[in-house]
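Spelled out, the chains give:
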Amino acid sequence: MKRKEDRKEKEDKKVPKGEKVKNEEVEEEEKERMKAEEKEEEKEEAKEEEKQEEPLKEPDLPTLFVWFISMLSGRAWEYLGLIMNPETKKLNKDLKRAKVTIDTVAFLHDQIKDDLNKEDYKRIENLLANLRMNYVEKLKESEN
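Fair warning: this is a prediction, and the values are worked out from it, not measured in the lab.

Enquirer: Would you explain the nonpolar core in this entry?
Expert: If you look at soluble globular proteins, the nonpolar side chains tend to sit buried side by side. Counting residues in each nonpolar core, the largest one holds 20 residues, and the members touching the most others are Ile 69, Leu 80, Ile 102, Ile 124, Leu 128, Leu 131 and Tyr 135. Those elements that provide at least two residues to this core are helix H3 (61-79), helix H4 (95-112) and helix H5 (118-143). Filtering out sequence-adjacent residues up to four positions away, Leu 131 remains in contact with Ser 73, Ala 76, Trp 77, Leu 80 and Ile 102.

Enquirer: Honestly, unusual backbone geometry in this entry has me stumped. Any pointers?
Expert: One non-glycine residue, Lys 89, lies in the positive phi region at around 60°. Mapped onto the elements of the fold, Lys 89 is located in the loop between strand S1 (80-84) and strand S2 (91-93). Under the relative-accessibility criterion, Lys 89 is labelled exposed at 59%.

Enquirer: Before we go on, may I ask you to explain a positive patch on the surface in this structure?
Expert: Together, Lys 31, Lys 35, Lys 39, Lys 43 and Lys 47 give the surface a local cluster of positive charge. Tracing the backbone shows Lys 43 in helix H2 (residues 17-53). Judged by relative accessible area, which is 53%, Lys 43 ranks as exposed.

The rules we used
Residues numbered from 1 in each chain as written. Predicted model: local features only at pLDDT ≥ 70, side-chain atom pairs only at ≥ 80, totals over all residues. Heavy atoms only, no water. Core = buried A, V, L, I, M, F, W, Y, C linked by side-chain atoms within 4.5 Å. Buried < 20%, exposed > 50% of the residue type's maximum accessible area, 1.4 Å probe, protein only. Helix = DSSP H or I, 4+ residues; strand = E, 2+ residues; numbered from the N terminus. Contact = heavy atoms within 4.5 Å. Patch = residues over 30% accessible without salt bridge, like charges linked within 9 Å, V, L, I, M, F, W, Y side chains within 5 Å. Areas by Shrake-Rupley, 256 points an atom, 1.4 Å probe, with all protein chains shown as cover. Salt bridge = Lys/Arg side-chain N within 4 Å of Asp/Glu carboxyl O. Lys, Arg positive; Asp, Glu negative; His and termini not counted. Charge placed at Lys NZ, Arg CZ, Asp CG, Glu CD.

Structure representation (C-alpha coordinates):
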(Lines give C-alpha, C1' and ligand atoms only; values in the text may rest on other atoms or scores of the structure.)
Protein backbone atom coordinates (compact mmCIF):
# COMPACT_ATOMS: atom_id res chain seq x y z
CA MET A 1 0.00 0.00 0.00
CA LYS A 2 2.85 2.28 0.75
CA ARG A 3 4.21 1.72 -2.74
CA LYS A 4 0.94 2.88 -4.33
CA GLU A 5 1.00 6.03 -2.26
CA ASP A 6 4.64 6.63 -3.21
CA ARG A 7 3.81 6.27 -6.89
CA LYS A 8 0.88 8.60 -6.56
CA GLU A 9 3.04 11.18 -4.82
CA LYS A 10 5.72 10.89 -7.52
CA GLU A 11 3.11 11.38 -10.27
CA ASP A 12 1.65 14.34 -8.43
CA LYS A 13 5.11 15.84 -8.07
CA LYS A 14 5.87 15.37 -11.78
CA VAL A 15 2.76 17.03 -13.17
CA PRO A 16 0.67 19.41 -11.12
CA LYS A 17 -3.07 18.72 -11.08
CA GLY A 18 -3.94 21.86 -13.03
CA GLU A 19 -1.55 20.87 -15.79
CA LYS A 20 -2.98 17.34 -15.84
CA VAL A 21 -6.40 18.78 -16.60
CA LYS A 22 -4.90 21.01 -19.27
CA ASN A 23 -3.06 18.09 -20.85
CA GLU A 24 -6.23 16.03 -20.87
CA GLU A 25 -8.10 18.93 -22.50
CA VAL A 26 -5.37 19.30 -25.12
CA GLU A 27 -5.48 15.58 -25.80
CA GLU A 28 -9.27 15.70 -26.20
CA GLU A 29 -9.01 18.67 -28.55
CA GLU A 30 -6.33 16.86 -30.55
CA LYS A 31 -8.53 13.75 -30.80
CA GLU A 32 -11.50 15.85 -31.98
CA ARG A 33 -9.34 17.64 -34.54
CA MET A 34 -8.02 14.34 -35.87
CA LYS A 35 -11.54 12.95 -36.12
CA ALA A 36 -12.64 16.05 -38.05
CA GLU A 37 -9.65 15.70 -40.40
CA GLU A 38 -10.46 12.04 -40.99
CA LYS A 39 -14.08 12.90 -41.80
CA GLU A 40 -12.90 15.60 -44.22
CA GLU A 41 -10.52 13.16 -45.92
CA GLU A 42 -13.34 10.63 -46.25
CA LYS A 43 -15.55 13.27 -47.87
CA GLU A 44 -12.79 14.20 -50.34
CA GLU A 45 -12.20 10.53 -51.19
CA ALA A 46 -15.91 10.05 -51.79
CA LYS A 47 -15.95 13.08 -54.12
CA GLU A 48 -12.97 11.72 -56.05
CA GLU A 49 -14.67 8.34 -56.40
CA GLU A 50 -17.81 10.04 -57.73
CA LYS A 51 -15.73 11.94 -60.29
CA GLN A 52 -14.05 8.73 -61.41
CA GLU A 53 -17.40 6.97 -61.76
CA GLU A 54 -18.86 9.69 -64.02
CA PRO A 55 -18.48 8.64 -67.64
CA LEU A 56 -16.66 11.01 -69.93
CA LYS A 57 -19.04 12.86 -72.19
CA GLU A 58 -18.33 12.46 -75.85
CA PRO A 59 -18.31 15.78 -77.68
CA ASP A 60 -21.08 16.24 -80.19
CA LEU A 61 -20.33 16.01 -83.89
CA PRO A 62 -20.31 19.77 -84.65
CA THR A 63 -17.79 20.31 -81.85
CA LEU A 64 -15.52 17.63 -83.31
CA PHE A 65 -15.82 19.17 -86.77
CA VAL A 66 -14.97 22.64 -85.47
CA TRP A 67 -11.93 21.19 -83.70
CA PHE A 68 -10.85 19.35 -86.86
CA ILE A 69 -11.40 22.45 -88.99
CA SER A 70 -9.18 24.48 -86.66
CA MET A 71 -6.43 21.87 -87.03
CA LEU A 72 -6.78 21.90 -90.82
CA SER A 73 -6.74 25.69 -90.96
CA GLY A 74 -3.44 25.70 -89.08
CA ARG A 75 -2.00 23.45 -91.74
CA ALA A 76 -3.43 25.66 -94.48
CA TRP A 77 -1.68 28.73 -92.99
CA GLU A 78 1.50 26.68 -92.85
CA TYR A 79 1.19 25.59 -96.50
CA LEU A 80 0.59 29.19 -97.52
CA GLY A 81 3.97 29.98 -96.00
CA LEU A 82 2.50 32.35 -93.44
CA ILE A 83 3.42 30.42 -90.30
CA MET A 84 6.35 28.15 -89.47
CA ASN A 85 6.08 24.41 -89.19
CA PRO A 86 6.23 23.83 -85.43
CA GLU A 87 8.33 20.68 -85.84
CA THR A 88 10.95 21.92 -88.32
CA LYS A 89 10.80 25.64 -87.41
CA LYS A 90 10.88 26.43 -91.13
CA LEU A 91 8.42 28.03 -93.52
CA ASN A 92 6.79 25.48 -95.81
CA LYS A 93 5.18 26.97 -98.85
CA ASP A 94 3.15 24.46 -100.85
CA LEU A 95 0.22 26.07 -102.65
CA LYS A 96 -1.20 22.78 -103.94
CA ARG A 97 -1.50 21.40 -100.43
CA ALA A 98 -2.85 24.74 -99.22
CA LYS A 99 -5.64 24.60 -101.83
CA VAL A 100 -6.55 21.01 -100.93
CA THR A 101 -6.62 21.92 -97.24
CA ILE A 102 -8.74 25.03 -97.81
CA ASP A 103 -11.16 23.03 -99.97
CA THR A 104 -11.38 20.38 -97.25
CA VAL A 105 -12.23 23.02 -94.66
CA ALA A 106 -14.90 24.41 -97.02
CA PHE A 107 -16.35 20.93 -97.57
CA LEU A 108 -16.53 20.18 -93.85
CA HIS A 109 -18.08 23.56 -93.17
CA ASP A 110 -20.71 22.92 -95.84
CA GLN A 111 -21.55 19.55 -94.29
CA ILE A 112 -22.14 20.85 -90.76
CA LYS A 113 -23.24 24.45 -91.25
CA ASP A 114 -26.85 23.67 -90.28
CA ASP A 115 -25.74 22.16 -86.95
CA LEU A 116 -23.39 24.98 -85.94
CA ASN A 117 -24.28 27.77 -83.55
CA LYS A 118 -24.11 31.32 -84.92
CA GLU A 119 -20.73 32.05 -83.36
CA ASP A 120 -18.99 28.99 -84.81
CA TYR A 121 -20.68 29.50 -88.17
CA LYS A 122 -19.41 33.10 -88.43
CA ARG A 123 -15.96 32.16 -87.20
CA ILE A 124 -15.53 29.44 -89.85
CA GLU A 125 -16.96 31.70 -92.55
CA ASN A 126 -14.39 34.39 -91.67
CA LEU A 127 -11.63 31.80 -91.49
CA LEU A 128 -12.46 30.51 -94.96
CA ALA A 129 -12.61 34.04 -96.39
CA ASN A 130 -9.17 34.85 -94.91
CA LEU A 131 -7.66 31.59 -96.13
CA ARG A 132 -9.02 32.09 -99.64
CA MET A 133 -7.83 35.72 -99.87
CA ASN A 134 -4.35 34.77 -98.68
CA TYR A 135 -4.27 31.86 -101.11
CA VAL A 136 -5.06 34.17 -104.03
CA GLU A 137 -2.35 36.62 -102.90
CA LYS A 138 0.26 33.88 -102.59
CA LEU A 139 -0.77 32.45 -105.98
CA LYS A 140 -0.32 35.87 -107.62
CA GLU A 141 3.10 36.27 -105.92
CA SER A 142 4.25 32.89 -107.21
CA GLU A 143 3.17 33.72 -110.79
CA ASN A 144 5.24 36.92 -110.87
